[in-house]
Structure formats: C-alpha cells, structure tokens
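Overview (structure and organization)
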Amino acid sequence: MQKIKTFPSKIKGRVKISGSKNASLPIVVASLLNEGKTILNNVPHITDINKLLNILKRIGINYSSKRRLVMKGEVEYQELLYPEIKEFRASYYLMGLFLALFKEVKIYAPGGCQIGQRPINFHLAGFIKAGVEVISDSNIIHLKANKLTPFCYEMPKKSLGATVNLLLLASKINGCSVIKNASTEPEVDDLMIFLNKLGIKTFRYTDMIIIYGKTKIRKKISYKIMPDRIEAMTFIALGVQSEQLIIKNINKEHLKKPLEVLVQSGLKAVIKPKKIKVYQSYLQPIKIKSGDYPEISTDQMPLFYPLFTRVKGISYFTEGIFESRFSVAEELKKTNADIKIIDKTVIIQGGKDLIGNSFIAKDLRAAATLLIEAVINGDSTIENMYYLERGYEAIYQKLKQIGLEFNVS
Ligand code: EPU
C-alpha cells in the first residue's frame, strides 16, 4: 500500500507480536549453511523477507510456506548481481554465506534505509583477517580467498551486520575464531542459538564471541525466531494513548531498558515475561540516548517522539548510533510540535496544541513513528507506507484489531 488515512478511534484490544525481522534475516541466510532440512517458525511475512526469499530461489533454494519456512536445497555459486540485492541491507549477509560456502562472492553493494552513512569496512576488515582478498569494494563487491583460516577481529565499534557476517563465515572454518567488541543485540544471540543447534559451537563473554566452526553441517533442525522487539515497542507506544492494549508474544528481557524508562516516566502497565498490558498513561518528560543493547535501540527511540510532543516539559533524545537519523523529527514538526534538532539530540518541548497533517515516510522506523502520530491524532495521512511493510507483518490487520478507523490506498 502507498497511503494510510487515519480517523479518530478508540484504541483497545489485543495484538500478537510477530517474529523479529532483524533476527529472521540472518537466520534464514544461516540455514543455508546446513545441508540438511531446516524448519524456521515465526518468520514474519514482510517485504524484506520476501526479497531475500526471491534471491534464494535464484540460487537454488526451495522453500515451502513462508511463515513456517522449510528450507532445503544446495546453494549454487552465482554472481549476486540482482536488482533486489540493492534494495535492502540484509542482502549483504550473502557475503558471509558465499565466502563460507565457496570462498568467493561477487555482489552488488547493499541498499537499506538512508539513516546515515552505512559503510561495510568492518565486514571487510574481518573477512581479510580470515584470509579473504578484497578484489573490489565499490558498486560491485568482489571477495575471494584461497584458504580460510580461523581469525581474531576486534571491531572498532559494535556492528550488528558485521558481527552476523563474521559469524556466518566463522561457522564453516575449522578451528577457533574470535570476534571482539561484537554486537550485543539480542538478534545476534538468536542467531548464535540457531548456529549452536546446527552443531557449531558459539560462546559469548559479554562483547566477545568465540566460534568453533565445522566444515560439514548436515542436521535436521527446527527453530523458532525471537519476537520483534521494535514491533513490540511500537504497540507499547500506541498503548500509552489507548484505553487498554494487551500485547502478546513479547520477550520482556529484550525490552528491559525502554520499559524501565517509560515506567519511570509514568507508564501504567502490567508486565509479564511474554505479555504486557498497557493502559492510558500520563507521562513525565525524559532524557534518553540510544545505544548498543541493553540500551534503548536506535530503531526504538523515534517511536517515543509522538508520545513526548504531548507531555508538558522538555524531553531530550540523543542518537548514539547513526549520524543522521532525524528525518522523522523534522516531519513531525508539521504537527505544530516544538521540536529542535541540535547536534545529535532531538529536543521536544511538549504540551503544545497539535494538528493532524499529511506526512511522508522516508524509512521504515520513520513510517512507524508517523503511524503512532497518525493513530494518536486521528486525522492524518502517511505516504510511502511500503516502508512500513518492509518490517511490520500484517500491520493493517493488526491496526484493525486494536480498533483503528482508517483507510488505505
Ligand atoms: N558501521 C561502520 N562500519 C561497518 C559497519 C557499521 O562504521 O562496517 C557503523 C554504522 O555506520 C553505524 C554503527 O556502526 O554507525 C552500527 O551499525 P550496524 O552495522 O550495527 O547496523 P546494521 O547492521 O547495518 C542493523 C539493523 C538496523 C539497526 C542497526 C543498529 C538489520 C538488517 N538492520 O543495521 O535496523 O538500526 O543494526 O542496531 O538488522 C531497521 O530495522 O529499521 C534497521 C535500520
């Protein structure tokens, strides 16, 4: 869909959170390390996964029903020069996979949301440590190794994508590889649990990951993907202005920090390990900074903005991961909200009278933030809703279920 128009609605009901996008993407790719049959449950039915599956079809992988993915097939070596590769970020996990399987990959540079510079220098530096030669790294990335060796790589800064790529590569290298200053995000742990089920041995010691890879992986396994913690936060935010919202299939541990901040600010909620019941809440201003897990994630932070434009007082939101993730803060100014962006901090002076508007989403989490705004104000239009469909499963059905009056075109 392109566009949603919201109307005043009484938000109430229950909703079930889908499987995590950012855990599913690497795990679907990692399942191709396995020569046996892999069954993946809870894979969300979203555009990014569809794009990945289309690419996998081209390289010889068959799968049945999308929600309960049954993966089987032998990957055929090919140059990965398909248009879809450029359309989403996670296509770069095929670099780690192809190097692990074939010691060579030729692939278009990845795309993804424009939320700042998104270099891949850590991925390449890690690959080089394992014996990979970078033949070209511009529009077409060409990597090749004569022999892969166990490696030790310390990342200059924590990167989810680079940690995933190095885990994929190390999984097929006999011996002990080490990733230092590795990503601590739960999606990486979900991948590690999956790899362990495949018989690869991975261990985490805070931000150091150790991998004992295997050259031959042939197992019949089934795995359930973790719930999406960003989708969960989206509905929690919607719950704050609802009569009551019951959000099922969450993992409370993964939401510890954002929930702690919101509860301190006045969130009324009953929090259980897998379920949260949120009631209409009157919040106090906050001062937060996004960071590596367990801190509030950069994907979750913008979801707070529409809540705090309605809270009297000044709230501060500092971006700690990307350098220019502020397009949605600019867009929200259309509501008449008092929002300033100074360096990497969004400063919201809440409590002004706000108006509905016509918004344009420029990336996935911006679309989610604008959706929260449009639901709360009950009289807005959002264009470019296809961004939201990249990461939110059955979103229109879920919005209907919680009582939103809207139409889409
Ligand atoms: N970085 C480098 N060099 C690299 C890799 C990363 O300088 O080689 C920097 C980035 O520029 C950034 C920081 O390191 O400043 C962290 O980037 P990271 O590599 O962790 O981001 P990513 O793997 O490209 C994933 C998620 C993003 C999420 C970020 C941060 C996926 C497919 N994407 O991106 O999710 O914002 O981690 O947690 O998992 C989204 O879901 O909407 C989304 C954008």
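Scroll up to find the structure this text is about.
Described below are features of the structure shown in this document. Values in this document were obtained by computation on a predicted structure and should not be read as measured data. (Residues numbered from 1 in each chain as written. Predicted model: local features only at pLDDT ≥ 70, side-chain atom pairs only at ≥ 80, totals over all residues. Heavy atoms only, no water.)

**Some thoughts on the packing of helix H5 (residues 160-171) against helix H6 (residues 186-197)**
Counted only if it meets this: An axis is simply a line fitted to the C-alpha atoms; with a helix, the fit covers only the stretch in contact. Between two such axes, the angle follows the N-to-C directions and lies from 0 to 180 degrees. A helix here means a DSSP run of H or I that spans at least four residues, while a strand means a run of E at least two residues long, and both kinds are numbered starting from the N terminus. Angles are sorted into four bins: roughly parallel if under 35 degrees, roughly antiparallel if over 145, roughly perpendicular if 65 to 115, and oblique for all others. Note on contacts: a residue pair qualifies if any of its non-hydrogen atoms lie within 4.5 Å across the two residues. All amino acids are sorted into three groups, where Ala, Val, Leu, Ile, Met, Phe, Trp, Tyr, Cys and Pro are nonpolar, Asp, Glu, Lys and Arg are charged, and the leftover types, Gly among them, are polar.
Contact geometry of H5 with H6 gives a least axis separation of 10 Å together with a crossing angle of 10 degrees. In terms of axis orientation, H5 runs roughly parallel to H6. Contacts between H5 and H6 involve Leu160, Thr163, Val164, Leu167 and Ser171 from the first element and Glu187, Val188, Leu191, Met192 and Leu195 from the second. When its residues are assigned to classes, the contact of H5 with H6 shows 7 nonpolar, 2 polar and 1 charged.

**Topic: the pairing of strand S20 (residues 345-350)**
In plain terms, the rule: Classification of residues uses two cut-offs on accessible area relative to the type maximum, computed with a 1.4 Å probe and protein chains only: under 20% is buried, over 50% is exposed, and between them is partly exposed. The pairing criterion is simple: DSSP has to find at least two bridges between the two strands.
For S20, the tally of buried residues reaches 5 of 6 residues, placing the bulk of the element in the interior. Pairing between strand S19 (residues 338-342) and S20: 5 bridges, direction antiparallel. Counterpart to Ile339 in the pairing with S20 is Ile348. Turn length for the S19-S20 hairpin, with the two strands adjacent in sequence and antiparallel, is 2 residues, and the turn residue Asp343 shows positive phi of about 50 degrees.

**Details of unusual backbone geometry**
The step from Tyr293 to Pro294 runs through a cis peptide bond, and the omega angle for that step is 15 degrees. Along the polypeptide, Pro294 turns up in the loop between strand S17 (287-289) and helix H9 (305-308). Within the chain, Asn336 stands out as a residue other than glycine whose phi angle is a positive 85 degrees. Within the secondary structure layout, Asn336 lies in the loop between helix H10 (327-332) and S19.

**Some points on the sheet that holds strand S5 (residues 69-72)**
Spatially, 4 strands are ordered S4-S5-S3-S13 in an open sheet, and the strand pairing comes out mixed. Unpaired on one side and paired on the other, strand S4 (62-63) and strand S13 (221-224) mark the two borders of the sheet.

**Overview of the site of the ligand**
Formally: The nearness test applies per residue and asks whether one of its heavy atoms lies within 4 Å of the molecule or strand. Between N or O atoms, a polar contact is any pair within 3.5 Å; within protein, one atom must be a potential hydrogen donor and the other a potential acceptor, and residues adjacent in sequence are included only when both atoms are from side chains. In these tables, accessible area is a Shrake-Rupley quantity obtained with a 1.4 Å probe, and a residue counts as shielded only by the protein chains included in the view.
In the neighbourhood of the ligand, 25 residues make up the surrounding shell, with Asn121, Ser159, Leu160, Asp299 and Arg365 lying closest. At a separation of 3.0 Å, an oxygen atom of the ligand approaches a polar side-chain atom of Lys21. Notes on the ligand: free accessible area 830 Å², of which the protein chains cover 93%. Listing elements by their share of the shell around the ligand, those giving two or more residues are helix H1 (21-30), helix H4 (121-129), H5 and helix H11 (364-377). Per-element accounting of the shell around the ligand gives the leading share, 3 residues, to H4.

**Observations regarding the packing of aromatic side chains**
Between two aromatic rings, the relevant description is the distance of the centres plus the angle of the planes. The cut-off we apply is this: Planes of paired rings set the category: under 30 degrees apart is stacked, over 60 is edge-to-face and the rest tilted, where pairs are Phe, Tyr or Trp rings (Trp by its six-membered ring) whose centres lie within 6.5 Å. Two thresholds decide whether a charge sits over a ring: the Lys NZ or Arg CZ must be within 6 Å of the ring centre and within 35 degrees of the ring normal.
Under the definition given, this model contains 11 aromatic pairs. Geometrically, the ring pair formed by Phe98 and Phe102 is edge-to-face, given 5.1 Å between the ring centres and 65 degrees between the ring planes. Of this pair, Phe98 and Phe102 both sit in helix H3 (residues 93-102), 4 residues apart, roughly one helical turn. According to the relative accessible area criterion, Phe98 is buried, its value standing at 0%. Here a set of aromatic residues connected by ring pairs shows up, and it is made of Phe304, Tyr305, Phe308 and Phe317. In this structure, Lys287 packs its charged tip against the face of Tyr316, placed 5.1 Å from the ring centre.

**Let's talk about the sheet that holds strand S23 (residues 405-408)**
As summarised here, the arrangement of the 4 strands in space is S21-S22-S1-S23, forming an open sheet in which the pairing is mixed. Two strands bound the open sheet, and with one partner strand each, they are strand S21 (358-360) and S23. Taken pair by pair, the neighbouring strands of this sheet meet at an average axis angle of 20 degrees, ignoring direction. With 3 bridges connecting them, S21 and strand S22 (residues 381-383) associate as parallel partners. Within the sheet, the bridge partner assigned to Ser358 lies in S22 and is Thr381.

**Some points on helix H8 (residues 256-265)**
The test is simple: For this quantity, the arc is that covered by the directions from the helix axis to the C-beta atoms.
Turning to H8, its buried residues are Pro258, Leu259, Val261, Leu262 and Ser265. Axial view of H8: buried residues confined to an arc of 160 degrees, hence all on one face. Those residues of H8 hidden inside the fold are in contact with helix H7 (229-240), strand S15 (268-271), strand S16 (275-279), S17 and H9. Count one or two residues on from H8 and you reach Gly266, which has phi positive near 120 degrees.

**Section: H6**
The cut-off we apply is this: Given a helix with a known number of residues, its expected span is that number minus one, times 1.5 Å.
Helix length check: H6 (12 residues) gives 17 Å between terminal C-alpha atoms against 16 Å at 1.5 Å per residue, within 8%. For H6, the full list of buried residues reads Pro186, Glu187, Val188, Asp190, Leu191, Met192, Phe194 and Leu195.

**Details of a positive patch on the surface**
What counts, and what does not: To count toward a patch, a residue needs a relative accessible area over 30% and no salt bridge; like charges are then connected within 9 Å, while nonpolar side chains (Val, Leu, Ile, Met, Phe, Trp, Tyr) are connected within 5 Å. The salt bridge criterion pairs a side-chain nitrogen of Lys or Arg with a carboxyl oxygen of Asp or Glu, the two atoms within 4 Å. Neither His nor the chain ends contribute to the count of charged residues, in which Lys and Arg are positive and Asp and Glu negative. Just so you know, the charge point we use is NZ for Lys, CZ for Arg, CG for Asp and CD for Glu.
Taken together, the side chains of Lys37, Arg68, Lys72 and Lys220 define a basic patch exposed on the protein surface. We classify Lys220 as exposed; its relative accessible area is 65%.

**Observations concerning the environment of Ala170**
Within the fold, Ala170 resides in helix H5. With 17 residues separating them along the chain, Ala170 and Tyr153 place their C-alpha atoms 11 Å apart. Setting aside residues up to four positions removed in sequence, Ala170 forms contacts with Phe151, Ser177, Ile211 and Gly213.

**As for the pattern of salt bridges**
Scanning the model with the defined rule gives 21 salt bridges in all. In this structure, the salt-bridge partner of Lys12 is Glu243, at a minimum N-O distance of 3.6 Å. In this pair, Lys12 is assigned in strand S2 (residues 12-16) and Glu243 in the loop between H7 and strand S14 (244-248), connecting sequence segments 231 residues apart. Glu243 sits in the partly exposed class, given a relative accessible area of 41%. One salt bridge in this structure joins Lys216 and Glu35, with 2.6 Å as the shortest N-O distance. Here Glu35 lies in the loop between H1 and strand S3 (38-41) and Lys216 lies in the loop between strand S12 (208-213) and S13, a separation of 181 residues in the sequence. Residue Glu35 is classed as partly exposed on the basis of its relative accessible area of 27%. Bridged by salt links that share partners, the residues Lys10, Lys12 and Glu243 form one connected network.

So yeah, pure geometry; function would need other evidence.
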